[in-house]
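Fold and geometry: a report
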Amino acid sequence: MGMLQDKVALVTGAGQGIGRGTARVFVKEGASVVIAEISEEHGALVEAELNSLGGCGKFIHTDVSQKAAVEAAVKATVKEFGRIDILVNAALKLPTPVTMENKTDAMLAEQLGIGVWGSWWAMQTAMPYMRDQGGGRIINFTSMDVDTGAWLHADHSIVKAGIAAMSRSAAIDWARYNINVNVIAPVAASAAFDQMCVDRPGLREQAGQAVPLGRMGHPEDDIAPVVAFLASEAARFMTGVTIPVDGGLNLPRGNSTPADLEFFS
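Every value quoted in this text rests on a predicted model; they were computed, and no experiment measured them.

Before going further, it helps to spend a moment on the overall build of the protein chain. Scanning the protein chain from N- to C-terminus turns up 10 helices and 7 strands. The C-alpha extent of the protein chain, read off along each of the three principal axes, is 60 × 45 × 40 Å. A buried classification covers 47% of the 265 residues belonging to the protein chain. Once local pairs closer than 6 in sequence are excluded, the contacts in the protein chain between residues at least 24 apart make up 72%. Surface accessibility of the protein chain: about 13100 Å² in total, with carbon and sulfur atoms responsible for 55%. Distance from the positive charge centre (21 side chains) to the negative charge centre (29 side chains) of the protein chain: 7 Å.

And the structure:
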């Protein structure tokens, strides 16, 4: 018996990266998973993966920037499995890597459509089902960029800040329905990070050196288990929190290394 035995989850952006890792961990923990993914190729591959793991995976082609598509994915989940216990909003698209003065309205609108609007529509559509069945779990994703003001990510940071604020508001509003809403701030070598490394040579080494644990997180092995925890009964008394799953990158940057470090080893 897994920690998510007999639960039904909808994971957006589950075709790759953290979304895929989450879907894989969920089925290993006993959940049935709907893969809401825009890529036909990636969605079909993950569906096959989940089923080969002995779980139940169903791919639904979903463009989360379109309200009708998001609503349809949630409704299809309930029609197929009779309920929706867990919603994970993991879909994202990397921003165009330019400084803020060169960002366009279209760039920001695209990021808002996928991140804020996509999550908003999914949460609003799933909520009545979760309310009527006695509760549910919603897990969203923010970014350390919100606090650090990372280069070239102004539009991305705006969206991630909005998702964090939206999640806290939902946690307050929906607590009366036993719907827990929490947020993860991950640092992972995801598909999105891999593309960033292509665009910015040297980033992989630089990022790894900055993490106190000395490496980037693995989407399935490091990030997804925390998502599963938040989706489980073990986290039933947690709502409205943001958990950094970042190898210690959130720690203050002051250098307190003893000059005689070897003495303490």
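Still more ground to cover, so stick around.
Before going further, it helps to examine unusual backbone geometry. Phi angles above zero are rare outside glycine, and aspartate 6 is one such case at about 70°. Relative to the assigned elements, aspartate 6 resides in the segment before strand S1 (8-12). Positive phi, close to 70°, is recorded for leucine 152, a residue that is not glycine. Turning to its location among the elements, leucine 152 is positioned in the loop between helix H5 (145-148) and helix H6 (154-174).

Per the counting criterion, the structure on display carries 1 cavity of 30 Å³ or more. Broken down by class, the residue content of the lining of the largest cavity amounts to 5 nonpolar, 1 polar and 2 charged.

This paragraph deals with the sheet that holds strand S5 (residues 136-141). Strand order in the open sheet formed by 7 strands is S3-S2-S1-S4-S5-S6-S7, with parallel pairing between adjacent strands. Two strands lie at the open edges of the sheet, namely strand S3 (56-61) and strand S7 (242-245), each paired on one side alone. Direction aside, the axes of adjacent strands within the sheet are offset by 20° on average. Two strands pair when backbone bridges link them, and strand S2 (residues 32-37) and S3 are joined in this way by 6 bridges, in the parallel orientation. Paired with valine 33 across the bridge in S3 is glycine 57. Sitting on the sheet, helix H1 (residues 17-28) touches S1, S2, S3, strand S4 (86-89), S5 and strand S6 (179-186), and the angle it makes with S1 is about 170°.

A general feature of soluble globular proteins is that nonpolar side chains tend to end up buried together. The biggest cluster of nonpolar side chains holds 31 residues, and the ones touching the most others in it are Phe26, Ile86, Val88, Ile139, Phe141 and Ile184. When residues of this core are traced back to their parent elements, those giving at least two are S1, H1, S2, helix H2 (40-52), S4, S5 and helix H9 (219-231). Ranked by residue count, the leading element in this core is H9, at 7 residues. If sequence neighbours within four positions are ignored, isoleucine 184 has contacts with Ile139, Asn140, Phe141, Thr142, Ile223, Val226, Val227, Leu230, Ile243 and Val245. Judged by nonpolar contacts, the second largest core, of 29 residues, contains Ile114, Met123, Ala170 and Ile179.

Scanning the entire structure with this criterion turns up 2 aromatic pairs. Ring geometry for tryptophan 117 and tryptophan 120: centres 6.4 Å apart, planes at 75°, overall edge-to-face. Highlighted residues: tryptophan 117 and tryptophan 120, both in helix H4 (residues 105-133), separated by 3 residues, approximately one helical turn. Taking the relative accessible area as the measure of exposure, tryptophan 117 reaches 42% and is therefore partly exposed.

Looking now at the environment of aspartate 145. By secondary structure assignment, the location of aspartate 145 is in helix H5. Taking the C-alpha atoms as reference points, aspartate 145 and asparagine 102, 43 residues apart in sequence, are found 18 Å from one another. Residues within four places of aspartate 145 in sequence aside, it is in contact with Ala150, His153, His156 and Ser157.

What follows concerns the packing of H4 against H6. At a minimum axis separation of 9 Å, H4 and H6 run at an interaxial angle of 15°. As the angle between them shows, H4 and H6 are arranged roughly parallel. Taken as a pair, H4 and H6 cross one another with a handedness that is right-handed. Residues Met107, Leu108, Gln111, Leu112, Gly115, Val116, Ser119, Trp120, Met123, Gln124 and Met127 of H4 form the contact with H6, whose participating residues are Asp155, His156, Ile158, Val159, Ile163, Met166, Ala170 and Trp174. Among the residues forming the contact of H4 with H6, the class breakdown is 13 nonpolar, 5 polar and 1 charged.

Parameters and conventions
- Residues numbered from 1 in each chain as written.
- Predicted model: local features only at pLDDT ≥ 70, side-chain atom pairs only at ≥ 80, totals over all residues.
- Heavy atoms only, no water.
- Helix = DSSP H or I, 4+ residues; strand = E, 2+ residues; numbered from the N terminus.
- Buried < 20%, exposed > 50% of the residue type's maximum accessible area, 1.4 Å probe, protein only.
- Contact = heavy atoms within 4.5 Å.
- Areas by Shrake-Rupley, 256 points an atom, 1.4 Å probe, with all protein chains shown as cover.
- Lys, Arg positive; Asp, Glu negative; His and termini not counted.
- Charge placed at Lys NZ, Arg CZ, Asp CG, Glu CD.
- 1 Å grid on protein atoms, 1.4 Å probe; cavity = no way out; pocket = protein on both sides within 12 Å on 5 of 7 lines; lining within 4 Å.
- Points joined across faces, edges and corners; volume = space filled by probe spheres on them.
- Nonpolar A, V, L, I, M, F, W, Y, C, P; charged D, E, K, R; others polar.
- Pairing = 2+ DSSP bridges.
- Axes fitted to C-alpha atoms, helices over the stretch in contact; angles between N-to-C directions.
- Core = buried A, V, L, I, M, F, W, Y, C linked by side-chain atoms within 4.5 Å.
- Phe/Tyr/Trp six-rings, centres within 6.5 Å; stacked < 30°, edge-to-face > 60°.
- Parallel < 35°, antiparallel > 145°, perpendicular 65-115°, else oblique.
- Left-handed = near helix turned anticlockwise from the far one by under 90°.

No statement about biological role is implied by the geometric values presented.
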